[in-house]
Amino acid sequence: MNIHEYQSKEIFKAYGVPTLKGFMVENTEEAKEKAALFRSDVIVVKAQVHAGGRGKAGGVILVKSLDEAVKATDKLIGKSLVTHQTSPEGQVVQKVYLEEGCDIESEFYLSLIVNRKKSCYTFIASSAGGMDIEEVAKTSPESIIYVDIDPSIGLKSYHIYRIANFLNLDKKALKDILEGLYSCFTNKDVSLLEINPLVLTKESRLIALDAKMSFDDNALYRHPDIMKYKDESEEDKEEIEAAKHDLAYVKLDGNIGCLVNGAGLAMATMDSIHMAGGSPANFLDVGGSASVEMVSKGFEILLSNPKVGGIFVNIFGGIMRCDTIGKGIVNAVENLECKVPIVVRLEGTNANIGLEIISNSKINAILAEDMDDGAMKIVSLVGNKEAAHEHLGR
Amino acid sequence: MSIWVDNNSKVVVQGITGSAARYHTEQMLNYGTNIVAGVTPGKKGQSVNSVPVFDTVLEAVDQTGANASIIYVPAPYAAEAIMEAIDAELDLVVCITEHIPVQDMLKVKTYLEGKKTRLIGPNCPGIITPGQSKIGIMPGHIHVKGSIGIVSRSGTLTYEAVSAVTKAGLGQSTAIGIGGDPVGGTSFIDVLDAFNKDAMTKAVILIGEIGGDAEEEAAKWIKENMTKPVVAFISGRTAPKGKRMGHAGAIVSGSSGTAESKIEALKSANVSVADKFSDLVPHLLRELKK
């Protein structure tokens, strides 16, 4: 789960990580009231969206008066921000963060991650702040330090020295930040924490100018205080609905709906549709042991996407028997009055009975031999996006 | 021969009194797995399918001589269940449980270091040696005894591969799903190494997916050590960046974890990589003829 910058900074404050004075506002009245509380005339107005790249997309505005701050707030609220991480339609800004300006001496990069390869925590720090760290890793890898922390011993003084000396920063100031970040990371099941940039001001203060945090979805059950930061307006409606029913769903921009059991098979099905020249509308995993209810709910979610011009059901019946799945498909299609073409591939336990149930029903489904055969069939039925629109008479 | 499980595996089911565990205990017993005990704290003295239930793994081991375990304990308690099994010095622990917090798994991995226990998973379908023992949730009937080793990060794709191999008239030496989580016990390399040494295994199918760099690491290892043919399939080539594809570990972050990088690494290690899943067995047959 991702959260907003202003929320991350709330958490930072609680852990003693220094940030600048700032207020989240949702309209110009609030902006007027809060901006008056700043001592400095320089105010930074930042759009609060989860997607990265908002600076380049015009989501961060530097102003030099209270009036300008209100104008900038007005300009950002309700605006659709398109960055490299949003959909082409962009993400509508609903909140902005007003933050006091500061005089920057130098900028740094600092992040803390779960290192899946080494099964430890890793601090990543660089003297190249404010830039895309992946780009820095490519062009000047020598400016990045990686400090691994064994979870059984935790953050120690020597880790802090290594980072401070590498960045040429005062150890004392950095110590509070690193310790705050580390305890927050481990206490709250954070999966990624990034400060870009961390700045040294002309008054020699170290400050987190930006703050990005992601949390482990699997651990949210034990952090109700973090759960309250969830912002559903940042997520896709269909994805939220799917999550409520334990379905793993990711919306894509194609026109072929896929309903599959198992994450690996669901990804392979998307790939297969692409190979056949089509474009999947989604990733949908109904679970390794899919139930009739889940198949039915899956159909409902697929059909709620108006782009979907055809559906490919790809099931490998293991523990779950294909005859049950067959009945589930027939029920779902009949109840939901599904009018788009359907290709069904059933394999595994009782596949023949399942296919027979579908053949003998009133639903008009095309049967497929295997995943790649099914992908070819659905692509030829739906075709590319334009063809799909014609097919549906849109 | 086979790897890690056979007729000598004596299995304890952790969390045996839960409904999924009850169902799969019956399935495993039907397959012929030697299940000797179950564990659910506070349920000592009960039995499930005539399997005696104990409070702790150590009691189960003392009373029955169990040497392997399978875990169905719910995610909030699963890490502790794995550590209990490690503490009881079992040879093999298979953790089926999905959605274990990743930082819990970091602690488990650290605890596992230097111990004798092999952990498979979590979030995996388990391991099966056809005709001998099934410690997992895979459908037993699609497997036949044979010479192909199968290893995968995905459950259903393991079944797909098993089924395709069976249909081609070949069979499996051992099939293993290592799980879809970012931090797990057994790696591709551990499995490849074991298949390399196993006399029964003639070739290996490796099924990877986007996220992390386990496939790249495996490719390096194959290049230097593998004496048997390996054919591979990587899923998620068309997955969008930054989105988790069902499995917690299946995510392309920035430029790392892409399918292209994995396919390239495997190809450079002389692994035959199938573009389409239906090409996997034809690739395998070609490699076996070489």
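Student: Can you explain the overall build of chain B? Please cite residues and give values.
Tutor: Each helix and strand counted, chain B has 9 helices and 14 strands in total. Taken against the 2.2 N^0.38 rule, which gives 19 Å for 290 residues, the C-alpha radius of gyration of chain B at 18 Å falls within 12% of a compact globule. Along the three orthogonal principal directions, the C-alpha set of chain B runs to about 55 × 40 × 30 Å. Once local pairs closer than 6 in sequence are excluded, the contacts in chain B between residues at least 24 apart make up 73%. As displayed, chain B has an accessible area near 10600 Å², and 49% of this comes from carbon and sulfur atoms. Computed over 28 positive and 29 negative side-chain charges, the inter-centroid distance for chain B is 6 Å.

Student: An account of the pairing of strand E17 (residues 342-348) of chain A is requested, with residue identities and associated values reported.
Tutor: Residues and elements named next belong to chain A. Across the 7 residues of E17, 7 count as buried, placing the element largely inside the fold. Pairing analysis gives 7 bridges linking strand E16 (residues 310-317) to E17, with the strands arranged parallel. Its bridge partner lying in E17, Gly317 is registered against Gly348. Note that E17 and strand E18 (residues 365-367) share 3 bridges and pair parallel. Within the sheet, the bridge partner assigned to Val344 lies in E18 and is Leu367. Note on the crossover from E17 through helix H12 (residues 351-360) to E18: the handedness is right-handed.

Student: Provide a residue-level description of the interface of chain A and chain B, including the pertinent values.
Tutor: Taken together, the contact between chain A and chain B spans 44 residues of the former and 56 residues of the latter. Across the chain A-chain B interface, the total number found is 7 salt bridges. Put simply, Lys117(A) and Asp213(B) hold a salt bridge, and the shortest N to O gap is 3.3 Å. Between the two partners, chain A and chain B, sit 19 residue pairs in polar contact (both at pLDDT 80 or more). At the level of elements, strand E8 (120-126), helix H6 (171-187), strand E13 (248-251), helix H9 (263-275), E17 and helix H13 (371-382) of chain A are the ones that each hand at least two residues to the side of chain A that touches chain B.

Rules used in this analysis
Residues numbered from 1 in each chain as written. Chains lettered and ligands numbered in written order. Predicted model: local features only at pLDDT ≥ 70, side-chain atom pairs only at ≥ 80, totals over all residues. Heavy atoms only, no water. Helix = DSSP H or I, 4+ residues; strand = E, 2+ residues; numbered from the N terminus. Rg over C-alpha atoms; globule rule 2.2 N^0.38 Å. Contact = heavy atoms within 4.5 Å. Areas by Shrake-Rupley, 256 points an atom, 1.4 Å probe, with all protein chains shown as cover. Lys, Arg positive; Asp, Glu negative; His and termini not counted. Charge placed at Lys NZ, Arg CZ, Asp CG, Glu CD. Buried < 20%, exposed > 50% of the residue type's maximum accessible area, 1.4 Å probe, protein only. Pairing = 2+ DSSP bridges. Right-handed = clockwise from strand over helix to strand, strands pointing away. Salt bridge = Lys/Arg side-chain N within 4 Å of Asp/Glu carboxyl O. Polar contact = N/O pair within 3.5 Å; in protein donor to acceptor, adjacent residues only side chain to side chain.

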